[in-house]
Amino acid sequence: MTTQLKINQGFTLIELILVIVILGILSAVAIPKYQDISEEAEFNSAIKIAYDAFNTVPGAFKASVDLKGQTPANVKLSDLITIRGKHWSFDDSQNQYQRPGLTITLFPDQRREDLAVKCISWSSPNLVNKCKTKFNVAGDKWKVVESIRF
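Cut-offs and rules
Residues numbered from 1 in each chain as written. Predicted model: local features only at pLDDT ≥ 70, side-chain atom pairs only at ≥ 80, totals over all residues. Heavy atoms only, no water. Salt bridge = Lys/Arg side-chain N within 4 Å of Asp/Glu carboxyl O. Helix = DSSP H or I, 4+ residues; strand = E, 2+ residues; numbered from the N terminus. Buried < 20%, exposed > 50% of the residue type's maximum accessible area, 1.4 Å probe, protein only. Disulfide = S-S within 2.5 Å. Pairing = 2+ DSSP bridges. Axes fitted to C-alpha atoms, helices over the stretch in contact; angles between N-to-C directions. Phe/Tyr/Trp six-rings, centres within 6.5 Å; stacked < 30°, edge-to-face > 60°. Lys NZ or Arg CZ within 6 Å of the ring centre and 35° of its normal.

### A short note on the pattern of salt bridges
Link 1 in the chain: Scanning the model with the defined rule gives 7 salt bridges in all.
Link 2 in the chain: Note that Glu42 is salt-bridged to Arg99, the shortest N-O span being 3.3 Å. Here Glu42, found in helix α1 (residues 13-67), pairs with Arg99, found in strand β2 (residues 96-99); they are 57 residues apart in sequence, far enough to count as distant.
Link 3 in the chain: Here Arg111 ties to Asp66 by a salt bridge, and the two come within 3.1 Å at their closest N and O atoms. Residue Arg111 is found in the loop between β3 (102-107) and β4 (112-117), and its partner Asp66 is found in helix α1; the two are separated by 45 residues along the sequence.
Link 4 in the chain: You can call Arg111 partly exposed: its relative accessible area is 22%.
Link 5 in the chain: A single salt-bridge network, built from bridges that share partners, covers Glu42, Lys86 and Arg99.

### Regarding the state of the cysteines
Link 1 in the chain: Within this structure, the stated rule accounts for 1 disulfide.
Link 2 in the chain: The side chain of Cys119 participates in a disulfide bridge whose partner is Cys131; the two sulfur atoms lie 2.1 Å from each other. An S-S torsion of about -70 degrees defines the bridge between Cys119 and Cys131 as left-handed. On the criterion of sequence distance, the pair formed by Cys119 in the loop between β4 and α3 (125-135) and Cys131 in helix α3 is long-range, its members being 12 residues apart. For the pair Cys119 and Cys131, a shared accessibility class is recorded, and that class is buried.

### Some points on the sheet that holds strand β5 (residues 143-149)
One key point about sheets: their strands pair by backbone hydrogen bonds, in either a parallel or an antiparallel sense.
Link 1 in the chain: The antiparallel open sheet is built from 5 strands, whose spatial order is β1-β2-β3-β4-β5. Edge strands, defined here as strands with exactly one partner in the open sheet, are β1 (89-91) and β5. Averaged over neighbouring strand pairs, the angle between their axes works out to 20 degrees when direction is ignored.
Link 2 in the chain: Both β3 and β4 contribute to a ladder of 6 bridges, which runs antiparallel. Paired with Ile104 across the bridge in β4 is Leu115.

### Focus on the packing of aromatic side chains
Link 1 in the chain: Using the criterion set out here, one finds 3 aromatic pairs in the structure.
Link 2 in the chain: Here Phe43 and Trp122 contribute two aromatic rings whose centre-to-centre distance is 4.8 Å and whose plane-to-plane angle is 75 degrees, an arrangement assigned as edge-to-face. Here Trp122 lies in the loop between β4 and α3 and Phe43 lies in helix α1, a separation of 79 residues in the sequence. Residues Phe43 and Trp122 agree in their burial class; the two are buried.
Link 3 in the chain: The ring of Phe107 has Arg112 sitting right over it, with the charged end atom 4.1 Å from the ring centre.

### Quick word on the pairing of β2
Link 1 in the chain: Of the pairings in the sheet, the one linking β1 to β2 comprises 3 bridges and is antiparallel in character. Across the sheet, Asp91 pairs through a bridge with Gln96, a residue of β2.
Link 2 in the chain: Between β1 and β2, which pair antiparallel and follow one another directly, the connecting turn spans 4 residues, one of which, Asn95, has a positive phi of 55 degrees.
Link 3 in the chain: Two elements, β2 and β3, share 4 bridges in a ladder whose sense is antiparallel. Note that in β3 the partner of Gln98 across the bridge is Thr103.
Link 4 in the chain: Linking two consecutive strands that pair antiparallel, namely β2 and β3, is a turn of 2 residues; a positive phi of about 95 degrees is found at Gly101 within it.

What follows is the structure, given as C-alpha cells:
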C-alpha cells in the first residue's frame, strides 16, 4: 500500500481573495478616519497659530511704538508678526492676516486687535460644528471672538 503525500505549494485562490477582501474593508474604514484626524489637526494648528500670533501683537506693538517711538498709524501687522503656514496670507489694505475661517486684524490708531472666525469656511461638517461649539457661533457671518486693547 502506497500513500501519497500532498505537498502544499501556496495559497488557494479563495484564501487570496479572502485576504484582499479583508484588506479592502480595513482600508475603507481607515482612510476616512485618517482624513478626519488630518483635518482636525489642521484646524487645531490654525487655531493655535492664530492665538499665538494674536497674543504676541500687543507686546510687539508697545515695543515698536512706546519704546522705539514709531507713529501708531504707520504700524503694520506684518511688521510685528509673521505668519507662514498653510493658507495664511497678509492683506495690506486691511492690515490683517487671514486664512479661510480666521482673521487677525490690527487697528493701530485705536491700539486694538481683533481675532475673528467664520465657521462655515472650514472644509468638513465636523470642523464647522467643532468651530461653532468652540467659539459659540451661530450663523454664517464673521464673529469677533477675541479683541484686545493695548
